[in-house]
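# Inside the fold
If you want the building blocks of each chain, they are given just below.
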Amino acid sequence: MSLLLVPLLRHTVALQRKTTARDATGGGVATWATVSGSGELACLVQGRTGKAPRMLGQKQVLVTHVIYFSADPEWVRGDRFLWSEGSLVLQVHGVEDMGGQGRVWRAETTLESA
């Protein structure tokens, strides 16, 4: 962990993963659950305004927020971050180790509509 980054991590997010629960009739209902062990992940959330959509993989998406971590948040495709301070849900598009040394991780996300 980079000691220089720690004071900048003034936000927290929870990593959530889609699961299927059973309703009263026995049918499946999609719900979101906080990933075990992720708790409140220290991070820095920055909004990206006035930027054009980017190509991420095969699709073009509008990245609305970038989140920085001092450790790998261990996400999987389809996860989302719940930012309680801003009461925002941010869909994860990708997470990368910025320097290749495991010190600063960056997640590109899109604000989910309510």
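Treat the numbers as computed from the prediction; the structure is a model and nothing was measured.

Rules used in this analysis
- Residues numbered from 1 in each chain as written.
- Predicted model: local features only at pLDDT ≥ 70, side-chain atom pairs only at ≥ 80, totals over all residues.
- Heavy atoms only, no water.
- Helix = DSSP H or I, 4+ residues; strand = E, 2+ residues; numbered from the N terminus.
- Buried < 20%, exposed > 50% of the residue type's maximum accessible area, 1.4 Å probe, protein only.
- Polar contact = N/O pair within 3.5 Å; in protein donor to acceptor, adjacent residues only side chain to side chain.
- Contact = heavy atoms within 4.5 Å.
- pLDDT = per-residue confidence, 0-100.
- Salt bridge = Lys/Arg side-chain N within 4 Å of Asp/Glu carboxyl O.
- Pairing = 2+ DSSP bridges.
- Phe/Tyr/Trp six-rings, centres within 6.5 Å; stacked < 30°, edge-to-face > 60°.

Here Thr-109 lies in strand β9 (residues 105–111). Looking at Thr-109, the relative accessible area reads 0%, which means it is buried. A distance of 2.9 Å separates a polar atom in the side chain of Thr-109 from the backbone oxygen of His-65. Once residues within four sequence positions are removed from consideration, Thr-109 is found in contact with Leu-62, Val-63, Thr-64, His-65, Ile-67, Phe-81, Leu-90, Gln-91, Val-92 and His-93.

Now for the confidence of the model for the chain. Any residue range with low pLDDT should be treated as having predicted coordinates unsuitable for detailed reading. Confidence in the prediction of the chain, expressed as mean pLDDT, is 83, and 84% of residues score 70 or more. Looking across the chain, the model is least confident in strand β4 (residues 54–56), with a mean pLDDT of 62, and most confident in strand β7 (residues 80–83), with 93.

Let's shift gears to the pattern of salt bridges. Counting across every chain of the model gives four salt bridges. A salt bridge links Arg-17 to Asp-79; the nearest nitrogen and oxygen atoms lie 2.8 Å apart. Pair noted here: Arg-17 is in strand β1 (residues 11–22) and Asp-79 is in the loop between β6 (65–69) and β7, with a separation of 62 residues, a long-range link. Under the relative-accessibility criterion, Arg-17 is labelled partly exposed at 27%. Since its relative accessible area comes to 1%, Asp-79 is described here as buried. In this structure, Glu-108 and Arg-106 form a salt bridge, with 3.4 Å as the shortest nitrogen-oxygen distance.

On to unusual backbone geometry. The phi dihedral of Glu-74 is positive, around 55 degrees, even though this residue is not glycine. Here Glu-74 shows up in the loop between β6 and β7.

A few words on the pairing of strand β8 (residues 88–97). Successive side chains on a regular strand alternate, one facing one side of the sheet and the next facing the other. Here β8 lies mainly inside the structure; seven of its 10 residues are buried. Two strands pair when backbone bridges link them, and β7 and β8 are joined in this way by four bridges, in the antiparallel orientation. When the bridges of β8 are listed, Leu-82 appears paired with Val-89. Relative to β9, β8 is paired through seven bridges, and the arrangement is antiparallel. Looking at the pairing, Val-92 lines up with Thr-109 of β9.

What follows is about the environment of Leu-41. Following the sequence through the fold, Leu-41 ends up in strand β3 (residues 41–47). Classification of Leu-41 as buried rests on a relative accessible area of 18%. When the C-alpha atoms of Leu-41 and Trp-83 are compared, they prove to be 9.8 Å apart, with 42 residues separating the residues in sequence. Apart from the residues lying within four places of it in its own chain, the contact partners of Leu-41 are His-11, Thr-12, Val-13, Leu-15, Phe-69, Pro-73 and Phe-81.

What follows covers the packing of aromatic side chains. For the coordinates displayed, the defined rule picks out one aromatic pair. Seen in terms of ring centroids, Phe-69 and Phe-81 are 5.4 Å apart; in terms of plane orientation they differ by 40 degrees. Their pairing is tilted. Remark: Phe-81 occurs in strand β7 and Phe-69 occurs in strand β6; sequence separation between them is 12 residues. For Phe-81, a relative accessible area of 0% puts it in the buried group.

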